[in-house]
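# Structure assessment
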Amino acid sequence: MNAEQLIDAYVADVARRLPRRQRADVAAELRSILLDELGDHADAESARRAIDAFGRPAEAAARYRPPLVLLDPADSRPFLRWSVGGLVVIWVLGAVSVVQEPGPNPVAAWWLGIAVPSLWWPGVLFTGYALSAYVRRRWPDRARWQPRPIDTGQVNRWGHAAAWVFYACGTVALVTLPWLHYDPAFHARRGPWVLALLIVHLVLYAVVIVNGRWNSLTRRLDIVMNLLVGGVLIWVMAAGAVFTEGWVDDMVKGVVILILLVTAFDVVQKTRRELRQHSLSSST
Amino acid sequence: MELELRRGVIVLAVLSQLGSFRYGYELRQALAEQGMAIEEGTLYPLLRRLENQGALVSEWRTDGGSPRRYYTLSDEGRALYARLTGSWKELTATMDRLLEGAS
């Protein structure tokens, strides 16, 4: 290729990345600029150097348009953290399910059935961050920082009492409903532990409702209780069936996995809050 | 660091040289001769963006040679140039005071 051919090819490559109404004008100008830059050295090597100075066609075209930022730089680290964290959870849970039901090629089953489809997670996260960035730019007043409400530990007694009654009725129903057929092994060994923990939890929440607020002791007891519940639920699931009917057992275990995830998140949040409070009170 | 420092003054440097019509390469040469070398990939798209923002106006001229796009300040660009010049003078005065105080 001679110098003019190189320049024409480059200009065409830049122009096709620009909006249609801008193309002809920018292409004509870019061509004249590159020829000016070449001056009297109209050989292919000089043309190559002049083109390299402008950068890849995509970069050159991007400079002719207003910058477009989909993911704010401030969101990049949280995006990466949540993406990697979520992918690790999906991959590990997927690996466990593949190990539990091994096929002829477990690696391929994990790769095609878990790893590749798991890319929905970073995609959803990216869309969420991009939308929130758009909202912040479009309505900056709404994106103004607001202080978090101060946590005084007070609880809404009526709301919590209603939730307590709901959970108490649920516990009674789990014990008394005649059409729930528990697995005999669960009924004999694991069931009583689950019931005991549910009752202790209800007592704890009753104390909080009567006091009208959380205090340091009830908060710490709550964290310990949640950890115990998590541990017992994992044991309950790993040790065998809970219900005699297979489909009921599968459905309940799915719900228990959800409860475990929510409990883990709750424990992390509450522990962080306690540690923060502790460091604040020890520093004053 | 130096690059970032220079990036902040490129617009003002360009506006300062466009009191009359100039084409891109001529402007780049003029800036380079006065010690303000600007990469071609930065300068030419900047002229376009300034034109889109209304600070510059342009027209194609041939002047006996190949056609070139010539740029100059618009009325809006002149006002912008005056405003940025004022800001620049305040900034350099402040920086002079700070640097003198530090030495």
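Predicted, not measured: the structure shown is a model, and the values here were computed from it. (Residues numbered from 1 in each chain as written. Chains lettered and ligands numbered in written order. Predicted model: local features only at pLDDT ≥ 70, side-chain atom pairs only at ≥ 80, totals over all residues. Heavy atoms only, no water.)

## Comments concerning the domain arrangement of chain A
If you check the domain split of chain A, you get domain 1 (3–63), domain 2 (73–138) and domain 3 (157–283). The straight-line distance from the C-alpha centre of domain 1 of chain A to that of domain 3 of chain A is 67 Å. (Domains from an automatic or database assignment.)

## Let's talk about the environment of A:Leu221
All names here are of chain A. Take Leu221: it is sitting in helix H10 (residues 216–238). Judged by its relative accessible area of 40%, Leu221 falls in the partly exposed class. For Leu221 and Asp75, which are 146 residues apart along the polypeptide, the C-alpha to C-alpha distance reads 35 Å. (Helix = DSSP H or I, 4+ residues; strand = E, 2+ residues; numbered from the N terminus. Buried < 20%, exposed > 50% of the residue type's maximum accessible area, 1.4 Å probe, protein only.)

## Description of the pattern of salt bridges
Residue and element names in this part refer to chain B. Enumeration over the complete set of coordinates arrives at 26 salt bridges over all chains. Notably, a salt bridge pairs Glu40 with Arg28, separated by 3.6 Å at the nearest N-O pair. Placement of the pair is Glu40 in helix H4 (residues 40–52) and Arg28 in helix H3 (residues 24–33), with a sequence separation of twelve residues. With a relative accessible area of 12%, Glu40 lands in the buried category. (Salt bridge = Lys/Arg side-chain N within 4 Å of Asp/Glu carboxyl O.)

## Topic: the sheet that holds strand E1 (residues 22–23) of chain B
All names here are of chain B. The sheet built from three strands is open, its strands ordered E1-E3-E2 with antiparallel pairing. Whereas interior strands pair on both sides, the edge strands pair on one side only; in this sheet they are E1 and strand E2 (56–61). Where E1 lies against strand E3 (residues 68–73), two bridges are found, and the strand directions are antiparallel. Bridged to Arg22 within E3 is Tyr71. (Pairing = 2+ DSSP bridges.)

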